[in-house]
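# Structural description and commentary
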Amino acid sequence: MAVLDSKVPKGPIAEKWTSYKNHIDLVNPANKRNIDVIVVGTGLAGGSAAATLAELGYNVKAFAYQDSPRRAHSIAAQGGINAAKNYQGDGDSTYRLFYDTVKGGDYRAREANVYRLAEVSANIIDQCVAQGVPFARDYGGLLDNRSFGGVLVSRTFYAKGQTGQQLLLGAYSAMNRQIGRGKIKMYNRHEMMDVVLVDGKARGIITRNLVTGEIERHSAHAVVIASGGYGNVFFLSTNAMGSNVSASWKIHKKGAFFANPCYTQIHPTCIPVSGDHQSKLTLMSESLRNDGRIWVPAKLEDAKAIREGKKKPTDLSEAERDYYLERRYPAFGNLVPRDVASRAAKERCDAGFGVNATGEAVYLDFADAIKRYGREQALIHGDHNPTAEKIDKLGKEVVKAKYGNLFQMYDKIVDENPYETPMMIYPAVHYTMGGTWVDYNLMTTIPGCYCIGEANFSDHGANRLGASALMQGLADGYFVLPYTIGDYLSKDIRTGKIPTDLPEFEEAEKSVKDQINFFVNNNGTKSVDHFHKRLGKIMWDKVGMARNAKGLTEAMAEIKALREEFWKEVKVPGAADTYNEELAKAGRVADFLELGELFAKDALVREESCGGHFREESAETEGPQEGEAKRDDVNFAFVSAWEYKGEPADAVLHKEQLEFNDIELKTRSYK
Amino acid sequence: MSGVLSSSIGRKVAMAASAFFLMFFLLQHFAINLTSIFSADVFNELSHFMGTNPAVQFALQPILIFGVVFHFVMGFVLEARNKAARSVKYVKNNGAANSTWVSRNMIYSGLAILAFIVLHFIDFWFPEINHKYIAMLPEDPNRYYGELVHKFHSPIRTGAYVAAFAFLALHLLHGFKSAFQSSGMSAKRAAKLETISKIYAIGIPVGFIIIALFHHFNQ
Amino acid sequence: MKLTLKIWRQKDANDKGQMVDYNINDVSPDMSFLEMLDVLNEQIINEGGEPVAFDHDCREGICGMCSLFINGEAHGPDRGITTCQLHMRKFKDGDTIYIEPFRAKAFPVIKDLVVDRSAFDRIQHQGGFISVNTSGNTQDANSLPISKHAADEAMDAATCIGCGACVATCKNSSAMLFVGAKVSQYALLPQGQVEAADRVRNMVAQMDAEGFGNCTNTGACEVECPKGISLDNIARMNREFFKANI
């Protein structure tokens, strides 16, 4: 496999990063002034990278499709950020965070990258506190922690239910300082339309000004893609409406390999779809599973009666309920990892036990938690014989203090009071572990083109643990990329400014303009959303939580056919040289229509079940693990990196074999 | 300190400072007027003092005039700036959903008060200045009460007087609290001021009105 | 539900713009307000028209991208939410709904209901930060204890999503709640003290230069703020400004 060189430094895992930093080439401060770096995307990864690169002295140009860097979708992360600080003294360490992350990812991540992530995690917290991020604190004034699914320690730092927001505003503030100094030139409402390669190196991008429609050329010595995940290929997901794959897909088409596209995290606790008009799905924090019990009716006729509105969930006695997670996974119960919880919900709903009108919802019930907390509070208040009303009242107060904002959000969306009746939840697409393939330096297979944050594939393997996305985004942007990119840029100190009148820029700009002209002049009959919704349905039905060879093969053919129809029938109103959201969406959906097929192909090739990827053919058939996902380490302990060859079906697979020297491969069991 | 008065917060604080001064002046004006109900002599005595004491006449009076003028001019300047900050108006704006009428219409209650002050100057201040400094008439320490009572003879003038103080009450209902908030008082403390604010904002104008009506009906 | 929508249409920044009437049928009470506009746009596209442009992104009330002045109120009649969280069950069959962009001179209209809020960013460039470089060896996060009370209060100020509802709803188009929230967040934390005086001076100067109006303490911003940012933050900014200048 000469094509893929992960460039992992030699030496013991705990020393790799330190020794790497000691031996790379640096750029002297005077030369940094002559070097330009483009950063596409201003979420946690892009924002922190742009700010740090500017602090170092590089000239940064940052791009966001939103009207301000502060609006990137990192802002929506609720729960928290992991860091191996061991402030709670519960035995946490760099190694343990590393171990949990590799295991949580079902042994499909690159060890060296994950170890480095765990190593810099503590620095992130220090940096954010120094920036004024108001993390939660205890009464002694020290930082508080909470625990998250899949781990045995409390290492999650948080700022109410808005950790992502606060961390992003921290990175945004660091950017603001550099924008004020003129070291970052910020381009809001700009979309990257293509990357420009000169002599095989990434040297610039073509953008569209989303307000004026102007096509612009921007040159730089390196290009950093930090454009987030591609969950919106499913149309319905917890991603923002504008989240898209286009930046990643454009570099893929120019030579960057796309790794593990099929690794998608389906989050178990989202508000179910309410109708055809649904535009996106809302996540309810994983923390709810700490106190909520998940169930469906035990009898099919009860489920039917509930769907038809003839019965209410509170009408069912304990014996008439099936707490299926507690039944199937007595050890972890309602706190099994996300992928396991999601599949279990789907299994019950597919079997006909779903509880809302669409049949795709299960209950998340807080009645027991309210009782438990109520009794506890009564005791604390010295009441040893409390009435049921008192228990109920006290219990609800505790639940309100813990989850009040989530309950309120649920109430606003569903119009039901979750204190009185169980919440309805269903899994939804949330995060994509796959992404652009990068080496240890976070460089793609295009020299000078880097990819960080959710957009790359590197750290989460086949499943991401809660509170690790924020950690990875900031680790990449604050502490990894600023080092590794210097090593590459040190060879560019004599290059001088990259001119934008090179034929490569001309050509890229022309193809961008051609596509735009095609869209606005196409005499189609169907809106962009029409195609996006159909793509989403194919993806969800056949490339969703459970996949099989037949469905995946069908999906590939259906997506291809849909893509062909799209190019004939898409209708884009309005002009090219104005604000035109339909036009912007058309470009994004065109890319999703290609990615979707590669996604299905990747899922088809991976004939094992691992993490978020569940192949029905690869399940345990006997023993205590019967029906559970079956990983195949002999044949599939590799990263699938796809090389673009025109049609997605023709993409060429390159394998990066994963070696586990510091962790023993085990079956994940939550029984 | 330079440029502070040209900043929005500086102006806001200056507005509050002049308001505090005017509210204090109003209180003492009210206290003196109130005596006219109980005793013509006390009223005459206090008025004579205020009207002839050089410190009051040549130090406090110019400050007061400056305060009044400043409060009005700054009020107009801010209003003009604030109006300009939204060049295209809303077709439908439901201001009542989130704020009180008085808080949104300070400029109108203020204008009504300005109109009254003009009247008040014509009624009292110009004759007074004329009496003392232009015509140089001899000072009669007992003339004040009679002049006061005489002014409230006309029902129209008394009516205008009453109306003006109703506007003053509206102005103060928001202005009193607002001045504290502008000068940096936290909402928690401002909430404690709520009652005092209402007592002052309604009590003082009603007091003035009672005095006016008392003299009108006691002629 | 059937609704009549009166929507502000404006081709671009230079166009004069006007209200245009639309009728929409089959609105489900479970729809969010923006989903209702999606349906309208689909209808407009199918009829060969140009869809109504409006800002939106996360659709879960945190990115601050969505705006809209609905029936005379920023983010519509419900409280504590953004437009994307407003649901159609708040309206009745047969209602007429006015939909206008956030209006302020400092927020010029880009198209239809989309406005340019970059003035907020420019204010932040003037001091909405703590000057600390990324090094990996700043002091340990726990070496600086901060009282829970101060941390919580700073957090409350920091929850501002920068949507601009405060400006839109203020009769004076004042941005003081927005600026006050940022100034407060740092003023409440020890890390923010070093640059406190410069921060408040520079941010206020930029706020004025952008053409926002002056606070007259009507309190409308606090009521309409989707995140419930308290007026206290304005008072605190006033105090900080005072301290910085005297």
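All of these numbers come straight from a predicted model, not from anything done at the bench. (Residues numbered from 1 in each chain as written. Chains lettered and ligands numbered in written order. Predicted model: local features only at pLDDT ≥ 70, side-chain atom pairs only at ≥ 80, totals over all residues.)

### Let's talk about the overall build of chain C
If you tally the helices and strands in chain C, you get eight helices and seven strands. Per-residue burial over chain C gives 63% buried out of 246 residues. (Helix = DSSP H or I, 4+ residues; strand = E, 2+ residues; numbered from the N terminus. Buried ≥ 20, exposed ≤ 12 C-beta atoms within 10 Å, placed from the backbone.)

### So, the overall build of chain B
On a plain count of helices and strands, chain B comes out with eight helices and zero strands. Reading the helices (α) and strands (β) of chain B from amino to carboxyl end gives α-α-α-α-α-α-α-α. With the C-alpha coordinates of chain B rotated into their principal frame, the extents come out at 55 × 40 × 35 Å. In chain B, which comprises 219 residues, the share counted as buried stands at 25%. Taking contacts inside chain B between residues at least 6 apart in sequence as the whole, the part at least 24 apart equals 82%. (Contact = placed C-beta atoms within 7 Å.)

### Considering the interface of chain A and chain C
Facing the 64 residues of chain A at the interface are 64 residues of chain C. Of all the secondary-structure elements, those providing two or more residues to the side of chain A that touches chain C are α3 (44–56), α5 (111–131), α6 (163–180), α12 (388–414), α13 (469–489) and α17 (581–605) of chain A. Considering every element that reaches the side of chain A that touches chain C, the biggest residue donor is α6 of chain A, with nine residues. Of the residues in the side of chain A that touches chain C, the class split is 22 nonpolar, 26 polar and 16 charged. (Nonpolar A, V, L, I, M, F, W, Y, C, P; charged D, E, K, R; others polar.)

### Structural notes on the domain arrangement of chain C
Residues and elements named next belong to chain C. Domain boundaries assigned for chain C yield domain 1 (3–111) and domain 2 (118–245). Each of domain 1 and domain 2 has a C-alpha centre, and the two are 29 Å apart. Of the residues lining the interface, 18 residues belong to domain 1; the matching set on domain 2 comes to 16 residues. Of the residues contributing to the side of domain 1 that touches domain 2, the split by class is nine nonpolar, six polar and three charged. (Domains from an automatic or database assignment.)

### Observations concerning helix α7 (residues 246–253) of chain A
For an α-helix the count is 3.6 residues per turn, leaving residues at separations of three or four pointing the same way. All names here are of chain A. α7 sits mainly inside the fold: seven of its eight residues count as buried. Within α7, burial applies to Ser246, Ala247, Ser248, Trp249, Lys250, Ile251 and His252. Positive phi appears at Gly255, one or two residues downstream of α7, with a value of about 130 degrees.

### A few points about the packing of helix α16 (residues 549–569) of chain A against α17 of chain A
Residue and element names in this part refer to chain A. Closest axis-to-axis distance for the α16/α17 pair is 9 Å, and the angle between their directions is 165 degrees. With respect to α17, the axis of α16 lies roughly antiparallel. Handedness of the α16/α17 crossing: left-handed. Across from Ala549, Leu552, Thr553, Ala555, Met556, Ile559, Lys560, Leu562, Arg563 and Phe566 in α16, the residues of α17 making contact are Ala590, Leu593, Glu594, Gly596, Glu597, Ala600, Lys601, Ala603 and Leu604. Among the residues making up the contact of α16 with α17, the classes are represented as 12 nonpolar, two polar and five charged. (Axes fitted to C-alpha atoms, helices over the stretch in contact; angles between N-to-C directions. Parallel < 35°, antiparallel > 145°, perpendicular 65-115°, else oblique. Left-handed = near helix turned anticlockwise from the far one by under 90°.)

### Focus: the interface of chain C and chain B
In this assembly, 41 residues from chain C lie in contact with 36 residues from chain B. Among the elements of the structure, β5 (96–100), α6 (196–209), α7 (220–224) and α8 (232–245) of chain C are those that each provide at least two residues to the side of chain C that touches chain B. A class-by-class count of the residues in the side of chain C that touches chain B yields 17 nonpolar, 15 polar and nine charged.

### Quick notes on the environment of Asn34 of chain A
Mapping Asn34 of chain A onto the fold places it in the loop between α2 (29–32) and β1 (36–40). A C-alpha to C-alpha distance of 8.8 Å links Asn34 of chain A and Arg494 of chain A, two positions 460 residues apart in sequence.

### A few points about the pairing of strand β9 (residues 222–225) of chain A
Residue and element names in this part refer to chain A. Side chains of β9 alternate between two faces, with Ala222 and Val224 and Val223 and Ile225 buried alike. Here β1 pairs with β9 via four bridges, running parallel. Bridging across to β9, Val40 finds its partner in Ile225. Alignment of β9 against strand β17 (residues 449–451), held across three bridges, turns out to be parallel. Considered in β17, the bridge of Val223 is made with Cys449. (Pairing = 2+ DSSP bridges.)

### Thoughts on the sheet that holds β5 of chain C
All names here are of chain C. A sheet is described by the order of its strands in space; here five strands give the open sequence β2-β1-β5-β3-β4, paired in mixed fashion. The open sheet terminates on both sides in strands that have one partner only, identified here as β2 (18–24) and β4 (73–74). Bridge analysis of strand β1 (residues 3–9) against β2 gives seven bridges, and the strand direction is antiparallel. Note that in β2 the partner of Arg9 across the bridge is Gln18.

### Some points on the environment of Gly80 of chain A
As for its placement among the helices and strands, Gly80 of chain A is situated in the loop between β2 (59–63) and β3 (81–82). For Gly80 of chain A and Tyr158 of chain A, which are 78 residues apart along the polypeptide, the C-alpha to C-alpha distance reads 4.4 Å.

### Notes on the nonpolar core
All names here are of chain A. Among the nonpolar cores identified, the biggest contains 324 residues, and Val224, Ile225, Val362 and Tyr450 are the most heavily contacted of them. A total of 13 residues in this core trace back to one element, the largest contributor, which is α17. Sequence-distant contacts of Tyr450, defined by excluding residues within four places in its chain, comprise Ala222, Val224, Ile225, Leu442, Met443, Thr444, Leu481 and Ile485. (Core = buried A, V, L, I, M, F, W, Y, C linked by C-beta atoms within 7 Å.)

### Focus on the UniProt feature "transmembrane region" (unreviewed entry) in chain B
All names here are of chain B. Within the UniProt annotation, "transmembrane region" (unreviewed entry) is assigned to residues 55–78, 106–126, 158–176 and 197–217. Annotated as residues 55–78, this span is 100% helix and 0% strand, and its ends, taken at the C-alpha atoms, are 32 Å apart. Taken end to end, residues 197–217 has its terminal C-alpha atoms 30 Å apart, with 100% of it in helix and 0% in strand. (UniProt positions renumbered as here; feature names shortened; annotations may be inferred.)

### Brief notes about the arrangement of the chains
Where the two pairs of chains in contact are concerned, the greatest contact count is recorded for chains A and C. Structurally, chain A and chain B remain out of contact, their C-alpha atoms never closer than 20 Å.

### As for the environment of Glu504 of chain A
All names here are of chain A. Relative to the elements of secondary structure, Glu504 occurs in helix α14 (residues 503–521). By the C-beta count within 10 Å, which is 17 here, Glu504 ends up partly exposed. Through-space distance from the C-alpha of Glu504 to that of Gly204 is 9.7 Å; in sequence the pair is 300 residues apart. Ignoring any residue separated from it by four or fewer positions in sequence, one finds Glu504 in contact with Val196, Leu197 and Val198.

### Observations concerning α5 of chain A
All names here are of chain A. An ideal rise of 1.5 Å per residue puts 30 Å on 21 residues; α5 measures up with 30 Å between its terminal C-alpha atoms. Where α5 bends most, the angle comes to about 35 degrees, and this point is Val120. With 20 of 21 residues buried, α5 lies mostly within the body of the structure. Gly132 sits one or two positions beyond α5 and adopts a positive phi of about 95 degrees. (Expected span 1.5 Å × (residues − 1). Bend = angle between axes of the 7 residues up to and from the residue.)

### Regarding the sheet that holds strand β7 (residues 201–209) of chain A
Residues and elements named next belong to chain A. Ordered in space as β6-β7-β8, the three strands form an open sheet in which the pairing is antiparallel. Only two strands of the sheet have a single partner each, and these edge strands are β6 (190–198) and β8 (215–219). Averaged over all neighbouring strand pairs, the angle between strand axes comes to 25 degrees, with direction disregarded. Summarising the sheet, β6 and β7 pair through eight bridges and their orientation is antiparallel.

### Quick look at the pairing of β6 of chain A
Burial runs high along β6 of chain A: eight of the nine residues are buried. Following β6 of chain A, the chain reverses through two residues before pairing antiparallel with β7 of chain A; Asp199 of chain A in that reversal takes a positive phi of roughly 50 degrees.

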